[in-house]
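Chain and residue survey
Next come the chains, spelled out residue by residue.
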Amino acid sequence: MKLFTFKPGGVHPDEMKITKDRPFVRMSVPAVVVVPLSQHIGAPNTPTVKVGDHVKIGQVIGSSTAFVSAPVHATVSGEVIAIEPRPHPLGKNVQAVVIKNDFKDEWFEPPQKRDLDSLTKEDILKIIKEKGIVGMGGATFPTAVKLSPPKGKTIETLIANGAECEPYLTTDYRTMLEFTDKVVDGFLVEMKASGAKQGFIAVEDNKRDAAEKLENRLKERGVKNVEVVLVKTKYPQGGEKQLIKAVIGKEVPAGGLPLDVGVVVQNVGTLKAITEAVLEDKPLIERGTTVSGTAIKNYGNYIIRIGTPVTHIIEQTGGLTKKLRKLIFGGPMMGLAQSTVEVPVIKGTSGILFFGEEALEMAPQDESPCIRCSRCVDHCPMGLMPLLIDHAWRRKDMKLAESLNATDCIECGVCSYVCPSKRHLTENIRSAKQAIIKQRKIEAAKQAAFEKLKALREKQEKEAAEKAKSASPSTEKGGKENG
Amino acid sequence: MDDKMIDLVVTSSPHIRDKVKVSSIMWDVVIALLPALVAGLYFFWSLHTLGIVIVSIISAELAEILGAWMFRKPVSLKDFSAVVTGVLFVMVMPPSSPYWLIVVGAFTAIILGKWIFGGIGSNPFNPALVGRAVLMISWPALMTTWKVFPRIIPPHGVSANAITMATPLNVVKLHGFSQLIAEYGTKAALYKALFLGNVGGSLGETSALLLLIGGLYLILKGVIDWKIPTAYITTVFVLSPIFGRDPLFSILAGGLFLGAFFMATDYSSSPITSQGRLWYGISLGFVTVMIRVFGAYPEGVMFSILIVQLFVPFFDKILPHVYGHRKEVKS
């Protein structure tokens with residue numbers, strides 16, 4: 001196997017993959033699940049059930065007519081006891097359907113196996129959309145949308161993302177090891193749905209065993225156009241843009257999508273979900289998640305029903321070992337710190353990390369002056385100048401931040417990680433980026449309004465001129481009369 | 001759930017940070033300087049020599065406190081940056097410098113070289129070199145007086161009872177290269193002395209070998225970028241013979257190794273981009289050779305670094321390639 005990597009930049013933090021050798025364990029289902037109606041990037045869903053309704057597993061409980069959306073399904077059978085804003089891992093309270101589990105585990109429509117050969121491209125995309133599949137690496141972009149390129153663009157290459165470059169997380173690793181066939185099946189389903197000619201499964205070289213297992217399985221099944229490639233263990237190797245550069249050597253244009261270079265990248269967990277949706281008729285109601293950190297007793301990899309609150313996970317994994325000071329959804333580099341243990345597992349939850357007091361030392365918050373050591377510049381995987389964008393943000397000079405390409409930042413956290421002065425670079429660049437995007441939207445809206453008004457004026461003037469033309473003699477006369 | 005067990009803090013990602021701190025970087029620099037400093041104390045041994053090292057460090061620390069007080073900033077002795085300045089400064093001073101001169105220089109370095117620009121990270125020049133440059137212009141005689149120390153006398157050079165002796169570059173400037181070789185007997189003996197450091201010069205600049213070891217330590221530790229010293233030294237090596245100067249002698253003599261590994265690499269006064277650092281190193285080599293060949297001073301390292309550091313904002317415009325942009329923006 002060849003070894004690829006992106007250049008320049010990146011870091012290699014302590015891997016801390018303590019759950020690496022712990023196989024997936026199916027976690028018990030809680031008495032009450034909280035299923036947020038929005039678990040994807042795109043248009044929010046509206047509930048399709050009412051309080052008091054009895055729902056069954058797999059029943060759609062929220063959907064949207066928008067193209068960029070993914071429906072949400074009931075993950076247990078039971079009674080809807082509330083539809084109200086509840087804590088969401090993204091930070092705000094979001095509308096959620098709260099279901100009281102009747103523990104009967106009844107399916108809305110009992111799943112039936114399907115054969116890939118009997119399905120057309122359109123069938124597959126329809127099923128992926130209906131089953132609510134989204135990117136499970138954390139970005140939660142609706143998969144069906146990703147596989148439906150706009151006119152004039154084709155998908156040539158598929159890349160399965162098994163890099164899992166975030167420390168602590170082992171979900172993808174265990175998925176590749178334990179669900180090798182499902183990953184391969186999902187990849188083949190995707191190849192068919194996208195019409196891609198070639199495929200790569202990219203795995204970081206600290207997971208060679210998983211890569212070898214995948215390679216053997218591909219060989220056994222006689223798959224020729226899919227190749228397993230090793231990528232160097234370096235963060236953010238699994239970043240979509242970095243992985244594309246590492247594997248096929250192309251750069252996604254600024255502001256563009258991987259589709260612009262004919263590529264779609266899919267997390268290996270998503271591939272497993274695709275297999276289960278397309279070949280096994282199951283909607284996305286559960287997922288593999290790494291439960292790790294220093295403050296949880298039985299850390300490991302678990303298959304957890306969507307909507308399971310963290311409180312239940314703590315109970316089921318033997319409780320906390322010390323005072324919980326930090327709860328992170330995702331990895332330590334890009335994950336989101338949570339303010340409550342009431343938050344539920346959602347489709348994009350790749351890991352849940354529990355830390356005690358030491359979390360405060362792991363990420364010291366006191367800044368000291370920038371010493372211009374340029375570590376942030378040397379390690380930025382996007383070739384940006386983090387220290388200068390940070391200065392621009394502090395001076396609120398958004399023009400400067402924009403000219404320094406702040407909007408190209410992928411928020412990987414490398415600049416903050418390497419900064420010896422512990423400056424909040426990623427945080428400030430993210431803020432600058434958001435401010436610039438907001439400003440652009442305002443400008444665009446202004447421009448659109450201006451164009452609209454201009455068109456209206458022109459139309460009115462034209463109409464008036466025509467009117468005047470057709471009735472010019474009389475108007476002149478009329479004018480004199482009025483005078 | 002027991003609420004006493006849960007007290008969540010919410011901070012922005014990333015939730016882990018590298019262990020490298022400003023203070024750990026500064027300590028690495030001090031560690032890297034130690035071999036050359038100890039060698040300097042050995043070659044120029046006297047209690048006075050040890051005294052000025054201690055006085056320099058203490059003066060730098062006191063100047064740091066004064067600077068922080070003057071500019072109403074928190075005193076940050078714990079980052080050890082003033083220790084680095086104090087050590088670097090004394091290493092570029094004649095070993096026989098009077099105490100008062102060291103005190104004046106160290107305060108100049110910290111206050112004029114650093115604090116008036118806003119403190120750590122804001123200085124456009126290497127503070128230690130600012131201190132030395134001011135002394136060089138203000139007390140040129142004191143700065144060019146090289147007392148004879150027994151361990152550095154060349155085999156065929158000045159006698160032990162002479163009061164002053166010159167540095168190798170001085171000898172070349174005044175009497176030519178052949179005179180210098182004559183003092184050491186053979187070229188090889190001269191190279192050896194320059195490499196090990198038993199020659200005249202500033203306290204910490206004479207041993208190319210030990211400075212190289214310290215410099216390599218900093219490169220391996222990721223503290224400094226190899227491009228600056230490599231480009232600097234290579235340029236001097238290549239350019240010197242064009243002007244009729246022995247290339248090996250040119251890189252071993254004077255303060256080139258100290259300047260290339262420890263002075264030119266000062267973070268706040270060197271470029272922040274990889275390409276910028278390469279051109280910065282090349283420029284340093286060019287200016288150093290020009291000063292040595294055409295200038296009034298025998299040595300060009302100090303002034304070349306100060307001059308080229310003036311152009312750092314220009315080198316900072318050489319930006320890296322931004323992912324997904326077809327051509328790098330050079331504005």
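Keep in mind that this is a model prediction, so the values were computed, not measured. (Residues numbered from 1 in each chain as written. Chains lettered and ligands numbered in written order. Predicted model: local features only at pLDDT ≥ 70, side-chain atom pairs only at ≥ 80, totals over all residues. Heavy atoms only, no water.)

**Observations concerning the overall build of chain B**
Quick note on the threshold: Only DSSP runs of H or I with at least four residues qualify as helices, and only runs of E with at least two residues qualify as strands; both kinds are numbered from the N terminus onward. Burial classes: relative accessible area under 20% of the type maximum marks a residue as buried, over 50% as exposed, and values in between as partly exposed (1.4 Å probe, protein chains only). Only heavy atoms enter the contact rule, under which two residues are in contact if any of them lie within 4.5 Å. Only the protein chains shown count as cover for residues, with accessible areas throughout obtained via the Shrake-Rupley method and a probe of 1.4 Å. Asp and Glu are treated as the negative residues and Lys and Arg as the positive ones, with His and the ends of the chain left uncounted. For charged residues, the charge sits on one atom: NZ in Lys, CZ in Arg, CG in Asp, CD in Glu.
For chain B, the helix and strand inventory stands at 16 helices and zero strands. Principal-axis analysis of the C-alpha atoms gives chain B an extent of 85 × 50 × 35 Å. Out of the 331 residues belonging to chain B, those deemed buried represent 56%. Contacts in chain B between residues far apart in sequence, at least 24 positions, make up 73% of those at least 6 positions apart. A total of about 13,900 Å² of accessible surface is found on chain B, and carbon and sulfur atoms cover 70% of it. Seen as two clouds, the 23 positive and the 16 negative side-chain charges of chain B have centres 6 Å apart.

**Quick word on the overall build of chain A**
Summing up its helical and strand segments, chain A has 15 helices and 18 strands in all. Here the C-alpha coordinates of chain A stretch approximately 95 × 60 × 50 Å along the principal axes. The buried share of chain A, reckoned over its 483 residues, is 55%. Long-range pairs, those at least 24 residues apart, make up 74% of the contacts in chain A with a sequence separation of at least 6. Split by element, the accessible area of chain A, about 20,900 Å² in all, is 53% carbon and sulfur.

**Focus: the interface of chain A and chain B**
What counts here: What counts as buried area is the accessible surface, traced by a 1.4 Å probe, that two parts surrender upon association, with contributions from both included. Think of a salt bridge as a Lys or Arg side-chain nitrogen and an Asp or Glu carboxyl oxygen that are within 4 Å of each other.
Taken residue by residue, the interface counts 69 residues in chain A and 41 residues in chain B. Between chain A and chain B, a total of about 4,600 Å² is buried, with carbon and sulfur atoms accounting for 58% of that surface. Broken down residue by residue, the surface that chain A buries against chain B is led by Ile371, Arg372 and Arg375 of chain A, which jointly contribute 15%. Here chain A is connected to chain B by four salt bridges.

**Some words on the pattern of salt bridges**
Taken as a whole, this structure holds 40 salt bridges over all chains when the rule is applied. Across the pair Arg325 of chain A and Asp7 of chain B runs a salt bridge whose closest N-O atoms are separated by 3.6 Å. Note that Arg325 of chain A is positioned in the loop between helix 8 (310-316) and strand 16 (326-329) and Asp7 of chain B in the segment before helix 1 (22-43), a pairing that runs across two chains. Overall, Arg325 of chain A belongs to the buried group, its relative accessible area being 10%. Note that Lys433 of chain A and Glu411 of chain A form a salt bridge whose closest N and O atoms lie 2.9 Å from each other. One end of the pair, Lys433 of chain A, is in helix 14 (residues 425-470); the other, Glu411 of chain A, is in the loop between helix 12 (398-403) and helix 13 (414-418), and 22 residues separate them in sequence. Judged by its relative accessible area of 19%, Glu411 of chain A is buried. By sharing partners, the salt bridges in this structure join Asp181, Asp185, Arg217, Glu220 and Arg221 of chain A into a single network.

**Thoughts on helix 4 (residues 180-194) of chain A**
Residue and element names in this part refer to chain A. For clarity, the threshold we go by: Here the expected length of a helix is defined as 1.5 Å per residue gap, with one fewer gap than residues.
Taking 1.5 Å as the rise per residue, helix 4 with 15 residues should run 21 Å; its terminal C-alpha atoms sit 21 Å apart, in good agreement. Here helix 4 lies mainly inside the structure; 12 of its 15 residues are buried. Among the residues of helix 4, Thr180, Lys182, Val183, Val184, Asp185, Gly186, Phe187, Val189, Glu190, Met191, Ala193 and Ser194 are the ones counted as buried. Positioned one or two residues after helix 4, Gly195 has a phi angle of 75°, which is positive.

**Digging into the packing of helix 3 (residues 171-178) of chain A against helix 5 (residues 208-220) of chain A**
Two quantities define a packed helix pair, namely the angle between the helix axes and the distance between the axes. Residues and elements named next belong to chain A. The following threshold applies: Only the stretch in contact is used when a helix axis is fitted, and all axes are lines through C-alpha atoms; the angle between N-to-C directions ranges over 0 to 180 degrees. Throughout, a crossing is termed right-handed when the near helix is turned clockwise from the far one, and left-handed when it is turned anticlockwise from it by less than a right angle. Polarity classes work like this: nonpolar for Ala, Val, Leu, Ile, Met, Phe, Trp, Tyr, Cys and Pro, charged for Asp, Glu, Lys and Arg, and polar for all others, with Gly in that last group.
Between helix 3 and helix 5, the shortest axis-to-axis distance is 9 Å and the interhelical angle comes to 35°. Of the two possible hands of crossing, helix 3 and helix 5 adopt the one that is left-handed. Residues Tyr173, Met176 and Leu177 of helix 3 form the contact with helix 5, whose own contacting residues are Asp209, Ala210, Lys213 and Leu214. Taken together, the residues of the contact of helix 3 with helix 5 sort by class into five nonpolar, no polar and two charged.

**Observations regarding the domain arrangement of chain A**
A common way to express how large an interface is: the accessible area buried when the components associate. Residues and elements named next belong to chain A. Quick note on the threshold: Domain boundaries shown here were taken from an automatic or database domain assignment.
Looking at the assigned domains, one finds that chain A contains domain 1 (3-29 + 109-286) and domain 2 (367-464). One C-alpha centre belongs to domain 1, the other to domain 2, and the line joining them spans 31 Å. Facing the 12 residues of domain 1 at the interface are 11 residues of domain 2. Interface area, domain 1 with domain 2, both sides summed: about 850 Å², of which 64% is carbon and sulfur.

**A closer look at the pairing of strand 14 (residues 286-293) of chain A**
The side chains of a regular strand alternate, first on one face of the sheet and then on the other. All names here are of chain A. Where we set the bar: A pair of strands is considered paired only if DSSP assigns at least 2 bridges between the two.
Of all eight residues in strand 14, eight are buried; the element is thus mostly enclosed. Residue alternation in strand 14 divides its side chains into two sets, Glu286, Gly288, Thr290 and Ser292 and Arg287, Thr289, Val291 and Gly293, and both sets are buried. Across six bridges, strand 14 lies against strand 15 (residues 300-305) in antiparallel orientation. Opposite Val291, over in strand 15, you have Gly300 as the bridge partner. Here strand 14 hands over to strand 15 after six residues, the two strands then running antiparallel side by side. Bridge analysis of strand 14 against strand 18 (residues 351-355) gives four bridges, and the strand direction is parallel. Bridge pairing in strand 18 places Thr290 opposite Gly351.

**Section: the environment of Ser421 of chain A**
Tracing the backbone through its elements, the reader meets Ser421 of chain A in the loop between helix 13 and helix 14. Judged by relative accessible area, which is 1%, Ser421 of chain A ranks as buried. With 57 residues separating them in the primary sequence, Ser421 of chain A and Pro364 of chain A have C-alpha atoms 9.8 Å apart. Residues in contact with Ser421 of chain A, not counting those within four places in the same chain, are Asp366, Glu367, Ser368, Pro369, Cys370 and Ile371 of chain A together with Val22 of chain B.

**A look at the side chain of Ser269 of chain B**
Residues and elements named next belong to chain B. Worth spelling out the cut-off: Polar contact is the term for a pair of N or O atoms within 3.5 Å; when the atoms are in protein, one must be able to donate a hydrogen and the other to accept it, and sequence-neighboring residues count only if both atoms are side-chain atoms.
Note on placement: Ser269 falls in the loop between helix 13 (256-263) and helix 14 (274-294). In this structure Ser269 comes out as buried when scored by relative accessible area, which is 1%. Within polar-contact distance, the side chain of Ser269 engages the side chain of Asp266 at 2.5 Å. Filtering out sequence-adjacent residues up to four positions away, Ser269 remains in contact with Asn123, Pro124, Phe125, Asn126, Tyr280, Gln309 and Val312.

**Some thoughts on the side chain of Ser56 of chain B**
Residue and element names in this part refer to chain B. Within the secondary structure, Ser56 sits in helix 2 (residues 47-70). Of the polar contacts made by the side chain of Ser56, one reaches the backbone oxygen of Gly86; its length is 2.7 Å. In this structure Ser56 touches Gly86, Phe89, Val90, Ile102 and Ala106, once residues within four positions along its chain are discounted.

**A few points about the sheet that holds strand 12 (residues 226-231) of chain A**
Residues and elements named next belong to chain A. The strand order across the open sheet built from five strands is 1-12-11-10-13, with neighbouring strands paired in parallel fashion. The strands lining the two open edges of the sheet, one partner per strand, are strand 1 (3-4) and strand 13 (263-267). In this sheet, strand 12 lies alongside strand 1 in parallel orientation, the contact comprising two bridges. Its bridge partner being in strand 12, Leu3 is matched across the sheet by Leu230. Against the sheet, helix 4 makes contact with strand 10 (157-162), strand 11 (198-204), strand 12 and strand 13, and its axis sits at roughly 150° relative to strand 10, the strand it touches most. Along the sheet, helix 5 makes contact with strand 11 and strand 12, crossing strand 12 at roughly 170°.

**Describing the environment of Gly195 of chain A**
Residues and elements named next belong to chain A. Here Gly195 lies in the loop between helix 4 and strand 11. With a relative accessible area of 43%, Gly195 lands in the partly exposed category. When the C-alpha positions of Gly195 and Ala337 are compared, they lie 39 Å apart, and in sequence the two are 142 residues distant.

**Considering the domain arrangement of chain B**
Residues and elements named next belong to chain B. For chain B, the assigned domains read domain 1 (22-143) and domain 2 (168-314). Centre-to-centre, using C-alpha coordinates, domain 1 lies 20 Å away from domain 2. At the boundary of domain 1 with domain 2, total buried surface from both sides reaches about 2,700 Å², with 74% on carbon and sulfur atoms. Counting across the interface, domain 1 meets domain 2 through one salt bridge. The shortest N-O distance in the salt bridge between Asp28 and Lys221 comes to 3.8 Å. At the junction of domain 1 with domain 2, the criterion picks out nine residue pairs in polar contact (both at pLDDT 80 or more). If you list the elements that add at least two residues to the side of domain 1 that touches domain 2, you get helix 1, helix 2, helix 3 (81-91) and helix 5 (127-138). Split into classes, the residues belonging to the side of domain 1 that touches domain 2 amount to 30 nonpolar, six polar and two charged.

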